[in-house]
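Each chain is listed here by its residues.
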Amino acid sequence: MSSRETVLGRIRSALAADTTPPPPIPRDYIRVGDHPPGSPPVLELMIDRLVDYKAHVREITPDQLADAIDTALTDQRSVVLAPDLDPAIAAAAARSGRTLTTDGTPTVLTPAELDRIDAVVTTATVAIALSGTITLDGGPGQGRRAITLVPDFHLVVLHAEQIVHTVPEAIARLDPVRPLTMIAGPSATSDIELERVEGVHGPRTLSVLIVR
Amino acid sequence: MSTFLGIPRRHAAQEESPLRGALPFPKAARRELANDQLRRNLAHATSVIRSKRALVVDEMPDWEALRDAGAATKTQVMSNLPALLEQFEANVTARGGVVHWATDAQEANRIVTELVRAQGVDEVIKVKSMATQEIGLNEYLEDNGIAAVETDLAELIVQLGHDTPSHILVPAIHRNRTEVRDIFLAEMEDAPADLTDEPRRLAMAAREHLRRKFLASKVAISGTNFGIAETGTIGVVESEGNGRMCVTLPETLITVMGIEKILPTFTDLEVFLQLLPRSSTGERMNPYTSLWTGVTPGDGPQNFHLILLDNGRTNALADQVGRAALHCIRCSACLNVCPVYERTGGHAYGSVYPGPIGAVLTPQLTGMHGHHDVNSTLPYASSLCGACYDVCPVKIPIPDLLVELRGRAVDADRGRTIPGGWDAAMKAAAWIMSDPTRFAAAEKGLAAGRLVAGRDKKIKHLPFPGSAWTHTKDMPAPPKQTFRQWWKETHHE
């Protein structure tokens, strides 16, 4: 008998004595928040959560975006981008003489090549105000998981309507089979005397621009 | 003060395993209690994490509703486990993953070793994982010439310190910053010579040390926090980014998953992604959560192997009372509130699963093989104060389960030919209390107890067999008069 059959057989006999089905799952927790996506209270909550875990955050209008990207990247000399990132964002990232590399065009970057790049600029899929979480799914402007992981600085451009109030609202917007990364960063550890240190292996700086 | 009543009497040395220590809990606890540094570190760490958790839980108006949903989901998972596992396997396979089944630790270790060898490497990077610790994977790989590098900072501290983890979530909770610096200087070949004990500098030294390995490794090994049956999705939650590195950069990813980690639907994540981080690290959300489904062409590992692990879980499942222990999502909230854990630390439990949940889960996974088994002592490693139940995000009734397991440990002892101290004491008490004259005589003897007690009216040392009690607890001095004497004095008729 294969191990698969052995384990499944053990489970079936373990459960054989059960005849009553378990009760249904009560779902009377909060699924939809009091405030609609992108509303001022949701943005305020999102900013509060981001600041709480020491991400840099700015709320801007669409016409301020290019300048804000350039400012956020002030100390960064080289930037990697997803091949399908909005050209306007790419142009803003290229200001001040920064070197741009596009992952996948012409070649997919190796981890070692990514390690030599200072920063990455991406969009996102959905964000959760209640927990300050930003989700990437490899969609337009987000690229492979590796490009948002290896560089030390991650700048995310969020649009107000992408920010929902609660976790269930965000889960409902996600496609489960895409590679998903949820970020409530920057990278942090509390392993030494429970003292929080920002930045271990992931990007040590997370910067977020919220476009209203 | 730790509390253990009715301690099993005889202990034989058991074979050491990640789920079974060398010493029974009372002896191991006594050893750990002698370490003042450990107690200081633990008291600090658990109080910090307790207050963080309380803050982020209190801000959730629907916390109890989330717990109810989490508990009910886990109950459903257990009763539908065969169908959910088959659905999960089919979805992982359909998305390009390869699913293996392992009945026990030995089989899981063998499968991992063969998969690593097939990639032609002798070093792998690892995400912190309880499942791989439970099966002793690192040691097995080492015996087979493969170095497994732990990439979680705390696991790295434990690994470099030739130590074992003492907490589910914060494995090096028993170490303070100075100890960590000393370990790094002694064991990390590329540690900076001027390393201080500042946590930030220590974390940066670990970053430098591991960076090269992340960028060059071909094979990574992980555990998992969730496996979604409906979609075949697997999730790992973490803070440092080492988990993302491992599940993203190497060509091959091998994930070991206990069969109880299944969730039925992707939607269920909306409950567990709220319960877990708040309960665990006291954060609203952990910094990084990675979710992947099989293989995504052009993104992440292109070979994905999933090992579904039994290793005693079906024993636990077959036990209708103990089954609830399998609901555990390894958040470690129960450790941080436990007065016994706070004083003894994790090593006293002898298992990779310490604290209240470990005291329940460990004997469920291994079975309790009578009073010779050190794991028969674990259900006594509790004051039954109930704090563990109050914080459990999936409402596992840990105190009830501990009482049930204690009953079984006692029952397993009933067949002994030589009566133990507990039985003898109970029989003697029954003989005395069944006769008023004998009882009155015994009461007179109580006065002697007042002589033994010190000025603080506490008896601290009794000769054997009373020493079995006074070794770990004080006994209050008997009152000046007995109830019957008091009654006689105050009721004259």
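Residues numbered from 1 in each chain as written. Chains lettered and ligands numbered in written order. Predicted model: local features only at pLDDT ≥ 70, side-chain atom pairs only at ≥ 80, totals over all residues. Heavy atoms only, no water.

Labelled according to an unreviewed UniProt entry, chain B appears under the name Iron-sulfur cluster binding protein, originating from Nakamurella multipartita.

As recorded in an unreviewed UniProt entry, chain A goes by the name LUD domain-containing protein, listed as coming from Nakamurella multipartita.

Asks: How do you make sense of the interface of chain A and chain B when you look at a structure like this?
Replies: Accessible area lost when the parts come together is the quantity often used to give the size of an interface. Every contact between the two is made by 71 residues of chain A and, on the other side, 93 residues of chain B. Taken over both partners, the interface formed by chain A and chain B buries close to 7200 Å², and the fraction arising from carbon and sulfur atoms is 59%. When the area that chain A buries against chain B is broken down by residue, the three leading residues are A:Arg145, A:Ile192 and A:His201, summing to 11%. Note that A:Asp18 and B:Arg323 form a salt bridge whose closest N and O atoms lie 2.6 Å from each other. Counting every contact that joins chain A to chain B gives 39 residue pairs in polar contact (both at pLDDT 80 or more). Of all the secondary structure elements, the ones that give two or more residues to the side of chain A that touches chain B are α1 (3–15), α2 (40–52), α5 (111–115), α6 (167–173), β9 (180–183), β10 (188–189) and β11 (197–198) of chain A. At 10 residues, α1(A) tops the list of elements feeding residues into the side of chain A that touches chain B. Its residues assigned to classes, the side of chain A that touches chain B shows 37 nonpolar, 14 polar and 20 charged. Examined bridge by bridge, β9(A) and strand β9 (residues 288–293) of chain B share 4 bridges and lie antiparallel to one another. (Contact = heavy atoms within 4.5 Å. Buried area = accessible area lost by both parts, 1.4 Å probe. Salt bridge = Lys/Arg side-chain N within 4 Å of Asp/Glu carboxyl O. Polar contact = N/O pair within 3.5 Å; in protein donor to acceptor, adjacent residues only side chain to side chain. Helix = DSSP H or I, 4+ residues; strand = E, 2+ residues; numbered from the N terminus. Nonpolar A, V, L, I, M, F, W, Y, C, P; charged D, E, K, R; others polar. Pairing = 2+ DSSP bridges.)

Asks: Help me understand the packing of aromatic side chains in this model?
Replies: Each aromatic ring pair is summarised here by two numbers: the centre-to-centre distance and the angle between the ring planes. All names here are of chain B. Counting across every chain of the model gives 7 aromatic pairs over all chains. These aromatic residues form a ring-pair network of at least three members: Phe25, Tyr341 and Tyr349. In this structure, arginine 67 packs its charged tip against the face of tyrosine 389, placed 5.6 Å from the ring centre. The residue whose ring lies beneath arginine 244 is tyrosine 288, and the NZ or CZ to ring-centre distance is 4.6 Å. (Phe/Tyr/Trp six-rings, centres within 6.5 Å; stacked < 30°, edge-to-face > 60°. Lys NZ or Arg CZ within 6 Å of the ring centre and 35° of its normal.)

Asks: So what exactly am I meant to see when it comes to the UniProt feature "domain: LUD" (unreviewed entry) in chain A here?
Replies: Residues given the UniProt feature "domain: LUD" (unreviewed entry) here are residues 93–211 of chain A. Each end of residues 93–211 of chain A is marked by a C-alpha atom, and these two atoms are 16 Å apart; helix forms 11% of the span and strand 33%. (UniProt positions renumbered as here; feature names shortened; annotations may be inferred.)

Asks: Got a minute to help me understand the pairing of strand β4 (residues 219–222) of chain B in this structure?
Replies: Regular strands have side chains that alternate between both faces of the sheet. Residue and element names in this part refer to chain B. Taking every second residue as pointing to the same face, both faces of β4 are buried, with Val219 and Ile221 on one and Ala220 and Ser222 on the other. Bridge count for β4 against strand β7 (residues 252–258) is 4 bridges, and the pairing is parallel. Note on β7: the bridge partner recorded for isoleucine 221 is isoleucine 254. (Buried < 20%, exposed > 50% of the residue type's maximum accessible area, 1.4 Å probe, protein only.)

Asks: Quick question: what am I supposed to make of the UniProt feature "domain: LUD" (unreviewed entry) in chain B here?
Replies: UniProt marks residues 85–295 of chain B with the feature "domain: LUD" (unreviewed entry), using the numbering shown here. A distance of 19 Å separates the end C-alpha atoms of residues 85–295 of chain B, which is 44% helix and 19% strand.

Asks: Is there a simple way to explain helix α20 (residues 436–452) of chain B in this structure?
Replies: A turn of α-helix holds 3.6 residues, and therefore any two residues three or four places apart point the same way. Across its 17 residues, α20(B) extends 26 Å between first and last C-alpha, which sits within 8% of the 24 Å expected from 1.5 Å per residue. With a side-chain oxygen positioned 2.8 Å from the backbone nitrogen of B:Thr437, the residue opening α20(B) is B:Asp435. (Expected span 1.5 Å × (residues − 1).)

Asks: Looking at this model, I keep getting lost on the sheet that holds strand β5 (residues 226–228) of chain B. Mind explaining?
Replies: Two modes of strand pairing occur in sheets, parallel and antiparallel, and in both the strands are linked by backbone hydrogen bonds. Pairing is mixed in the open sheet, where 8 strands are placed in the order β8(A)-β5(A)-β6(A)-β9(A)-β9(B)-β6(B)-β5(B)-β8(B). This sheet does not close on itself; its edge strands, each paired only once, are β8 (163–164) of chain A together with β8 (262–263) of chain B. One ladder, built from 3 bridges, connects strand β6 (residues 133–136) of chain A with β9(A); its direction is antiparallel. What sits directly across from A:Thr135, in β9(A), is A:Met182.

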